[in-house]
2 protein chains.
Amino acid sequence: MSEEIVTLAHGGGGIASRRLLREHLLPRLDSEALRPLGDSALVDVPPGGIALTTDSYVIQPWRFPGGDIGKLAVCGTVNDLAVMGARPLYLTLGLILEEGLPLADLDAVIASVAETAREAGIEVVAGDTKVVGRGDADCLYLNTSGIGVFDYAHVRLPGPRAGDRLLVTGALGDHGLAVMAARERLPLKSELSSDCAPLSGLVEAMRGAGRVTWMRDCTRGGLASAANELAEDFHLGVHLFEDELVVHDAAAAVAELLGLDILHVANEGVILTAVAEEDAGRVLAAARRHPYGGEASLVGALTEAHPRRVVLETAVGGERIVDMLTGEQLPRIC
Amino acid sequence: MSEEIVTLAHGGGGIASRRLLREHLLPRLDSEALRPLGDSALVDVPPGGIALTTDSYVIQPWRFPGGDIGKLAVCGTVNDLAVMGARPLYLTLGLILEEGLPLADLDAVIASVAETAREAGIEVVAGDTKVVGRGDADCLYLNTSGIGVFDYAHVRLPGPRAGDRLLVTGALGDHGLAVMAARERLPLKSELSSDCAPLSGLVEAMRGAGRVTWMRDCTRGGLASAANELAEDFHLGVHLFEDELVVHDAAAAVAELLGLDILHVANEGVILTAVAEEDAGRVLAAARRHPYGGEASLVGALTEAHPRRVVLETAVGGERIVDMLTGEQLPRIC
């Protein structure tokens, strides 16, 4: 039997499209809201406003150590909602498929979407599938848009203040470097795996333990971008201690090999968090008890001393300015 | 001066990404919710639930007679919300750009997005930009996800019943055939232009005039797919009169040239509407008074006589079954 593949007809809006939906997508993405296949899903939200986010995913290779594009897309969107203080609730899924993609690969990606969504407690309620000809995309691209809601346990964050401590929830650089190593088929001495994870549970655990004032996930542009955005958006200085940053040996080795600054490398399971000083210890302890926060660390503080600047105190006692990424280090890392 | 183009750095999450946002996207997509550039937008919605939809757009060529991919993306999402009875309110915009795309082309698309969104009264509140290497996409792909809300003037549709009259809001096939003609550079004797339009105002006008029970926009798969979905989803027969369908001469000519059944061709400004029989005349009159409904026509009725079937009474008095599209007629039409 020849391998079943995605054809242009699967994107045509006719019988083949309906069959793809009924046989490959709906059984895995079990959702009451999705099943009517209307033009839009009708869903309820509690009062209090919503958080809304969108991301496209073009990662190459689409399957990598620690995950695949389906898991990545759900995690990315869940985390963008969670760091705003919202409870991730509904997800949309847009697929752009290249003609010739094996249906088994699509099935695997959709299974990842479904499994990650279940873990994060988010429901895929609307979707769309387009097919482009061979050579007009690279296997498949995903878009996920997400809605998060606010309720008694999920309120908006108050915003960072000078004096807040900064917490990073995990080791840096694993995602970007694992993807890069897989793409370049680098020989690795030790395991290097993406940190890709849905962090809504970790965020809840931290917020339950103390006053979290601001969060951002350290994706494209890495910790350096998140920290610079924090400094710029709130006219505060970010002071970091290099000694406190957690970097796995394998990641450090690949970063050195590729000549990359690990502070600029994308993560998919790491959040930069500002915490009221008096609560920092409790929030750190809560993070460390969570499966996705075992390597959390207090890495610095917010200060009025050098507004809009990110300063890293190095291991040898010097200081350096941490800039945002100026070029493109690692294309198609997410 | 060399032409400015999109580079991989524009998708990297660093300084070039921020500059693309601040110089090319934000000034055109003026939005309070977008400006903080947080991980998610925070917006309010009235109580009563929401409608949620997503679509990716891969149309080729991305600029066509009557519109471009930016206008198309906003219209498609606005219309998917409007046909559910919702008021389109918030939009997200995901861009996948091919390295080398002229920034002037991106600017033109974003200007279209902004102009169409303004007309439709929908606000772009969240966005994302990814860049893939040359040859990994075809110029640019868009994703728009939309949120519609329900309020005193926008309530959910009650659902179709046997006896309801069927109304089609415009001429058939113009979008798909205009795009196809542009792609194939067909010599045309007369003007053929996409019908691409945001139809929320037309929907309001019709609903204000009488009891509209069900709507679907006739995009991929054309009127045939929309009618078959109606028949299948509600176990009703759809009876259409060929004589009442409006088709422009230019569209008919191109369809004949390409050997296409116009009932299967995609529209982007046409809605199939079920209306309570006693209100059909008033709803038709209201549609015709609207700029996007001037060629509206009552084309048939819902019946219990042949459930789950779409039957077309032909101009010469015969009958034929109208099936859903079985293959892919017109790839990348949206």
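Residues numbered from 1 in each chain as written. Chains lettered and ligands numbered in written order. Predicted model: local features only at pLDDT ≥ 70, side-chain atom pairs only at ≥ 80, totals over all residues. Heavy atoms only, no water.

- As recorded by an unreviewed UniProt entry, chain A carries the name Hydrogenase expression/formation protein HypE and is attributed to Candidatus Coatesbacteria bacterium RBG_13_66_14.
- Within the UniProt record for chain A, the comment given under Sequence similarities (unreviewed entry) is "Belongs to the HypE family." (UniProt positions renumbered as here; feature names shortened; annotations may be inferred.)

## What about the packing of helix α5 (residues 200-209) of chain A against helix α8 (residues 280-289) of chain A?
All names here are of chain A.
No. 1: Remark: α5 packs on α8, axes separated minimally by 8 Å, with the N-to-C direction vectors making an angle of 150°. Judged by the angle between their axes, α5 and α8 are roughly antiparallel. The two elements α5 and α8 cross, and the hand of that crossing is right-handed. For the pair formed by α5 and α8, the contact residues are Leu202, Ala205, Met206 and Ala209 on the first element and Arg282, Val283, Ala286 and Ala287 on the second.
No. 2: Here the contact of α5 with α8 is built from residues that sort into seven nonpolar, no polar and one charged. (Axes fitted to C-alpha atoms, helices over the stretch in contact; angles between N-to-C directions. Helix = DSSP H or I, 4+ residues; strand = E, 2+ residues; numbered from the N terminus. Parallel < 35°, antiparallel > 145°, perpendicular 65-115°, else oblique. Left-handed = near helix turned anticlockwise from the far one by under 90°. Contact = heavy atoms within 4.5 Å. Nonpolar A, V, L, I, M, F, W, Y, C, P; charged D, E, K, R; others polar.)

## Some remarks on the nonpolar core
No. 1: One finds Leu142(B), Leu166(B), Leu177(B), Leu223(B), Val238(B) and Leu272(B) to be the most contacted residues of the largest nonpolar core, which totals 82 residues.
No. 2: Among the elements that line this core, the one with the most residues is helix α3 (residues 103-120) of chain B, at eight residues.
No. 3: If we skip the residues at most four places from it in the chain, Leu272(B) touches Leu166(B), Leu167(B), Val168(B), Trp214(B), Met215(B), Arg216(B), Cys218(B), Leu223(B), Ala226(B), Ala227(B) and Leu230(B).
No. 4: Counting 81 residues, the second-largest nonpolar core is a separate cluster that includes Leu37(A), Val109(A), Leu177(A) and Met180(A). (Core = buried A, V, L, I, M, F, W, Y, C linked by side-chain atoms within 4.5 Å. Buried < 20%, exposed > 50% of the residue type's maximum accessible area, 1.4 Å probe, protein only.)

## Topic: the interface of chain A and chain B
No. 1: At the junction of the two partners, chain A supplies 73 residues and chain B supplies 73 residues.
No. 2: Both faces considered, chain A and chain B share a buried interface measuring about 5800 Å² in area, 55% of it formed by carbon and sulfur atoms.
No. 3: Summed over the three residues of chain A that lose the most area to chain B, namely Asp39(A), Leu52(A) and Arg220(A), the buried surface amounts to 13% of that side.
No. 4: Where chain A touches chain B, the interface holds 15 salt bridges.
No. 5: With a shortest N-O distance of 3.5 Å, Asp55(A) and Lys130(B) are connected by a salt bridge. (Buried area = accessible area lost by both parts, 1.4 Å probe. Salt bridge = Lys/Arg side-chain N within 4 Å of Asp/Glu carboxyl O.)

## Describing the UniProt feature "domain: PurM-like N-terminal" (unreviewed entry) in chain A
No. 1: UniProt marks residues 39-149 of chain A with the feature "domain: PurM-like N-terminal" (unreviewed entry), using the numbering shown here.
No. 2: As a span, residues 39-149 of chain A carries 29% helix and 42% strand, and end to end its C-alpha atoms are 23 Å apart.

## Concerning the environment of Arg18(A)
No. 1: Note that Arg18(A) resides in helix α1 (residues 15-25).
No. 2: Along the sequence, Arg18(A) and Leu142(A) sit 124 residues apart, while their C-alpha atoms lie 19 Å from each other.
No. 3: Contacts of Arg18(A), omitting those with residues within four sequence positions, involve Leu37(A), Glu229(B), Glu232(B), Asp233(B) and Met324(B).
No. 4: Among the polar contacts listed, one links the side chain of Arg18(A) to the side chain of Glu232(B), at a separation of 3.4 Å.
No. 5: A distance of 3.5 Å separates the side chain of Arg18(A) from the side chain of Asp233(B), its partner in a polar contact. (Polar contact = N/O pair within 3.5 Å; in protein donor to acceptor, adjacent residues only side chain to side chain.)

## What to know about the relation of the copies chain A and chain B
A rotation about an axis combined with a shift along that same axis relates the two copies of the chain.
No. 1: Of the two same-sequence chains, chain A is brought onto chain B (RMSD 0.0 Å, axial shift 0.0 Å) by a rotation of 180°. Interpreted geometrically, this transformation is the action of a two-fold axis. Looking at the rotation axis and the C-alpha trace of chain A, the residue lying nearest is Ala137(A), at 2.3 Å. (Least-squares fit on C-alpha atoms with pLDDT ≥ 70 in both.)

## Quick word on the state of the cysteines
Linking two cysteines covalently through their sulfur atoms gives a disulfide.
All names here are of chain A.
No. 1: Scanning the model with the defined rule gives zero disulfides over all chains in all.
No. 2: Here cysteine 75 stays unpaired: no disulfide links it, and the sulfur of cysteine 196, its closest cysteine neighbor, is 3.7 Å away.
No. 3: Cysteine 334 provides the cysteine sulfur closest to cysteine 218, a residue in no disulfide bond, and the two sulfurs are 13 Å apart. (Disulfide = S-S within 2.5 Å.)

## Observations concerning the packing of aromatic side chains
No. 1: One pass over the full model with this rule turns up zero aromatic pairs over all chains.
No. 2: One cation-aromatic arrangement involves Arg156(A) over Phe150(A); the distance from NZ or CZ to the ring centre is 4.8 Å. (Phe/Tyr/Trp six-rings, centres within 6.5 Å; stacked < 30°, edge-to-face > 60°. Lys NZ or Arg CZ within 6 Å of the ring centre and 35° of its normal.)

## A closer look at the sheet that holds strand β10 (residues 237-241) of chain B
All names here are of chain B.
No. 1: Sheet architecture is open: seven strands sit in the order β9-β11-β8-β12-β10-β13-β14, paired in mixed fashion. With one partner strand each, in any of the chains shown, β9 (212-217) and β14 (319-321) form the two edges of the open sheet. Strand-to-strand twist across the sheet, computed as the mean angle between neighbouring axes with direction ignored, equals 25°.
No. 2: Sitting on the sheet, helix α5 (residues 200-209) touches β8 (165-168), β9 and β11 (271-275), and the angle it makes with β9 is about 160°. (Pairing = 2+ DSSP bridges.)

## Examining helix α8 (residues 280-289) of chain B
It helps to recall that an α-helix has 3.6 residues per turn; residues three or four apart then point in one direction.
Residues and elements named next belong to chain B.
No. 1: Within the sequence span of α8, burial applies to Ala280, Val283, Leu284, Ala286 and Ala287. Buried residues of α8, seen end-on, are gathered within an arc of 165° and therefore sit on one face of the element.
No. 2: Those residues of α8 hidden inside the fold are in contact with β8, α5, β9, β11 and β12 (297-303). (Arc of directions from axis to C-beta.)

## Some points on the pattern of salt bridges
No. 1: Applying the stated rule across the entire model yields 33 salt bridges over all chains.
No. 2: Between Arg320(A) and Asp261(A) there is a salt bridge whose closest N-O contact spans 3.5 Å. Linking Arg320(A) in strand β14 (residues 319-321) with Asp261(A) in the loop between α7 (249-258) and β11 (271-275), this pair joins segments that are 59 residues apart in sequence.
No. 3: By relative accessible area, which is 34% here, Arg320(A) ends up partly exposed.
No. 4: Given a relative accessible area of 25%, Asp261(A) falls into the partly exposed group.
No. 5: Asp164(B) serves as the salt-bridge partner of Arg161(B), at 4.0 Å between the closest nitrogen and oxygen.
No. 6: Relative accessible area serves as the criterion here: at 41%, Arg161(B) is assigned to the partly exposed category.

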